[in-house]
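The residues making up each chain are set out below.
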Amino acid sequence: MARRRPNHLGTIEYIGPRPQKPPRRSNFLAGWVVLLVAAGAVYFFGKPFLPLLRAQQVAPTSERADALIAGLQPSAAIGDRLAAASLQRTQSSVTYEDAYYKIPYPNGDIPTGKGRAEDLVVRSYRALGVDLQKRVHEDMARNFSEYPQIFGRKSADANIDHRLTANLQRFFRRAGAELLVTGPEGDEASRDVADYKPGDVVTWRLAGGRSHIGIVVPGPGENRSEPWVVHNIGEGPVWEDCLFNFKVIGHYRYTGEESVDVTALG
């Protein structure tokens, strides 16, 4: 049997840098595809919630009302202060009430917690020291024939006259406070939101022919430059973006200081 020759050299060791695997090439296009797919999924599933998010950004909350009131109250412009007073009305709980009440005169009011659209306007002006009950009654008592003959009455009534939109419209007109009506009725090109300033009084014709009244105020948050409205259309004083939702039939800017002598117009 042949003997195996011993291996005197042993294992040969490799001296040098360790062999490296070739670098893996990144797939740049695949990365963008993944991102686009992810973005598309977010948009597809999140799209139904976008209107809700936008609505929340402009929601007329009490906090936004407080911030707006704080900015408007110190103003020298009576319109700003009237807008602030009307916004304060939205923070009171009021049950819609259009019943006839016998109330004190002057500065009379129906029971707290009750009221309608006209009462909101009267109360907002009264917060500024302007008593529309007294002013409307005095002018109607002197010039009753110049006012709409409502309910077949033959004389002025301090209990109700200032609580009727038609009478407030006539009083504002006679006081020289009437402005040009621009809005959705007739010429659409005439609509210009810049015509409506905080504190302006606006009247509308609702479905069924009923008249309505409210006060222009700024919108909430980032929408402050937009003309919103404070009014009571049946659910108490509310702050809404609805200026052109109804037929605009009157636009007034009454400062409480008549620009003409209303007694001379009779």
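Computed from a prediction, not measured in an experiment: that's the story for all the values here. (Residues numbered from 1 in each chain as written. Predicted model: local features only at pLDDT ≥ 70, side-chain atom pairs only at ≥ 80, totals over all residues. Heavy atoms only, no water.)

Q: Give a detailed account of the side chain of T165, specifying residues and quantitative values.
A: Positionally, T165 belongs in helix α7 (residues 165–174). With a relative accessible area of 2%, T165 lands in the buried category. In this structure T165 touches E118, T203, S211, H212 and I213, once residues within four positions along its chain are discounted. (Helix = DSSP H or I, 4+ residues; strand = E, 2+ residues; numbered from the N terminus. Buried < 20%, exposed > 50% of the residue type's maximum accessible area, 1.4 Å probe, protein only. Contact = heavy atoms within 4.5 Å.)

Q: Explain the pattern of salt bridges to me, using residue names and the numbers behind them.
A: Applying the stated criterion across every chain yields a total of nine salt bridges. Between R163 and D119 there is a salt bridge; the shortest N-O distance is 2.7 Å. On the criterion of sequence distance, the pair formed by R163 in the loop between α6 (132–142) and α7 and D119 in helix α5 (residues 117–126) is long-range, its members being 44 residues apart. The same class applies to R163 as to D119, namely buried. Between E178 and R173 there is a salt bridge, with the nearest N and O atoms lying 3.2 Å from each other. When its relative accessible area of 36% is taken as the criterion, E178 is described as partly exposed. (Salt bridge = Lys/Arg side-chain N within 4 Å of Asp/Glu carboxyl O.)

Q: How would you explain the nonpolar core if you had to name every residue and give the values?
A: Within the largest apolar cluster, 33 residues are counted, with the highest numbers of intra-cluster contacts made by L87, Y125, L132, F172, W239 and Y254. Those residues in contact with L87 that lie beyond four places of it in its chain are L68, I69, L72, V217, V230 and W239. With ten residues, the next largest nonpolar core counts V202, W204, C242 and L243 among its residues. (Core = buried A, V, L, I, M, F, W, Y, C linked by side-chain atoms within 4.5 Å.)

Q: Tell me about α6, and name the residues and values.
A: Among all positions in α6, only L132, Q133, V136, H137, D139 and M140 are buried. Its side-chain oxygen at 3.1 Å from the backbone nitrogen of Q133, D131 defines the N-terminal cap of α6. (Polar contact = N/O pair within 3.5 Å; in protein donor to acceptor, adjacent residues only side chain to side chain.)

Q: Account for the packing of helix α4 (residues 78–89) against α5, with residues named and values stated.
A: Running from N to C, α4 and α5 point in directions that differ by 125°, and their axes come no closer than 8 Å. One way to sum up the angle between α4 and α5 is to call them oblique. Judged by the twist between their axes, the crossing of α4 over α5 is right-handed. For the pair α4 and α5, the contacting residues are L82, A85, S86 and R89 in the first and L120, R123, S124 and Y125 in the second. (Axes fitted to C-alpha atoms, helices over the stretch in contact; angles between N-to-C directions. Parallel < 35°, antiparallel > 145°, perpendicular 65-115°, else oblique. Left-handed = near helix turned anticlockwise from the far one by under 90°.)

Q: Talk me through the environment of P198; I want residue IDs and the actual numbers.
A: Mapped onto the secondary structure, P198 falls in the loop between α7 and β3 (201–205). Here P198 falls in the partly exposed class, since its relative accessible area comes to 26%. Separated by 121 residues in the primary sequence, P198 and A77 have C-alpha atoms spaced 9.4 Å apart. If we ignore the near neighbours within four places in the chain, the residues touching P198 are G79, D80, A83, V216 and P218.

Q: An account of the packing of helix α3 (residues 62–72) against α4 is requested, with residue identities and associated values reported.
A: Where α3 contacts α4, the two axes come as close as 8 Å, and the packing angle between them is 150°. It follows that α3 is roughly antiparallel to α4 by the angle criterion. For the element pair α3 and α4, the recorded crossing hand is left-handed. For the pair α3 and α4, the contacting residues are L68, I69 and L72 in the first and D80, R81, A83, A84, L87 and Q88 in the second.

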